[in-house]
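# Overview (structure and organization)
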Amino acid sequence: MSFKNKTIIITGGASGIGKATVEKFCHLGANVVIADLSDHGQQLSDSLNTAGHKTLFFKINVASEDENKALIEKTLQHFGGLDIIFANAGIAQDGSIDQLDFAHWKRLIDINLSAVYLLDKYAIEYWLKENKAGVIVNCGSIHSWVGKSGLTAYSASKKGGVNY
Ligand SMILES: NC(=O)c1ccc[n+]([C@@H]2O[C@H](COP(=O)([O-])OP(=O)(O)OC[C@H]3O[C@@H](n4cnc5c(N)ncnc54)[C@H](O)[C@@H]3O)[C@@H](O)[C@H]2O)c1
């Protein structure tokens, strides 16, 4: 299978599942935007580009609406299109409801759920405007379906991200 001339945005692409997905899509020939808060994304992009792949690092806090808009704009400017998004960035630090303060709840929901809505929304707006088709993958978890004690905000965020 080849993804030559296809462009994919991968949030949380600097480490873990996101990084493995970045490397896989590079080897399948895609243009890959590594969107992450961590500067490890720049190092990853530099080393992949040196090896002949086509990547761009975009430093982003996925919870920011303006930064999601800028991510789509920069991707279109740099690669000339957008075909696939993988809303993968997420955090798991959580707690039982008696331990979890409201600020922590809101931060987790912003990063794991609102960010998915924002990336999907601005990608879909672009595809509708251009009358193009696109592919959306939102990263869920077993906790999208099965709740677990101690994962108060994480379970809620992952269930929301695959069901809206
Ligand atoms: N690891 C698992 O066992 C597992 C299981 C099920 C689902 N998931 C989900 O898979 C996704 C990736 O998990 P992982 O284990 O690879 O995590 P990870 O911690 O290795 O990577 C997450 C990446 O997201 C980035 N990130 C965090 N907050 C950000 C923000 N506000 N803005 C931009 N980037 C941000 C981090 O810098 C990091 O590079 C998450 O959504 C997680 O919930 C993981």
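The structure this text deals with has already been given above.
Residues numbered from 1 in each chain as written. Predicted model: local features only at pLDDT ≥ 70, side-chain atom pairs only at ≥ 80, totals over all residues. Heavy atoms only, no water.

All right, on to the side chain of S144 then. With respect to the helices and strands, S144 occurs in the loop between β5 (135-138) and α5 (152-163). Polar contacts involving the side chain of S144 include one to the main-chain carbonyl oxygen of K158, which spans 3.1 Å. (Helix = DSSP H or I, 4+ residues; strand = E, 2+ residues; numbered from the N terminus. Polar contact = N/O pair within 3.5 Å; in protein donor to acceptor, adjacent residues only side chain to side chain.)

It is worth spelling out the site of the ligand at this point. Around the ligand, the structure places 21 residues, and the nearest of them are I17, D36, N88, Y154 and K158. Within the side chain of S15, an N or O atom sits 3.1 Å from an oxygen atom of the ligand. Here a nitrogen atom of the ligand and a backbone polar atom of L37 are 3.3 Å apart. Considered on its own, the ligand offers 830 Å² of accessible surface; in the complex 70% of this is hidden by protein. Of all the secondary structure elements, the ones that give two or more residues to the shell around the ligand are α1 (16-27) and α5. (Near = heavy atom within 4 Å. Areas by Shrake-Rupley, 256 points an atom, 1.4 Å probe, with all protein chains shown as cover.)

Here the distance between the centres and the angle between the planes together describe a pair of aromatic rings. Per the counting criterion, the structure on display carries 1 aromatic pair. When the ring centre of Y122 is taken as origin, the NZ or CZ atom of K121, which lies over that ring, is 5.5 Å away. (Phe/Tyr/Trp six-rings, centres within 6.5 Å; stacked < 30°, edge-to-face > 60°. Lys NZ or Arg CZ within 6 Å of the ring centre and 35° of its normal.)

Let us now look at the environment of I97. Following the sequence through the fold, I97 ends up in the loop between β4 (84-87) and α4 (102-130). Take I97: its relative accessible area is 68%, and that puts it in the exposed class. C-alpha separation for the pair I97 and A153, spaced 56 residues apart in sequence, amounts to 8.5 Å. (Buried < 20%, exposed > 50% of the residue type's maximum accessible area, 1.4 Å probe, protein only.)

Across a sheet, strands are paired by hydrogen bonds formed along the backbone, either parallel or antiparallel in direction. On the basis of which strands lie adjacent, the open sheet formed by 5 strands has the order β3-β2-β1-β4-β5 and parallel pairing. At either margin of the open sheet sits one strand with a lone partner, and together these are β3 (54-59) and β5. The sheet shows a mean angle of 15 degrees between the axes of neighbouring strands, direction not considered. In this sheet, β3 lies alongside strand β2 (residues 31-36) in parallel orientation, the contact comprising 6 bridges. Within β3, the position partnered with A35 by the bridge is F58. Together, β1 (7-11), β2 and β3 form the strand contacts of helix α3 (residues 65-79), whose direction differs from that of β3 by roughly 155 degrees. Strand contacts of α4: β1, β4 and β5, with the helix running at about 170 degrees to β4, the strand carrying the most contacts. (Pairing = 2+ DSSP bridges. Axes fitted to C-alpha atoms, helices over the stretch in contact; angles between N-to-C directions. Contact = heavy atoms within 4.5 Å.)

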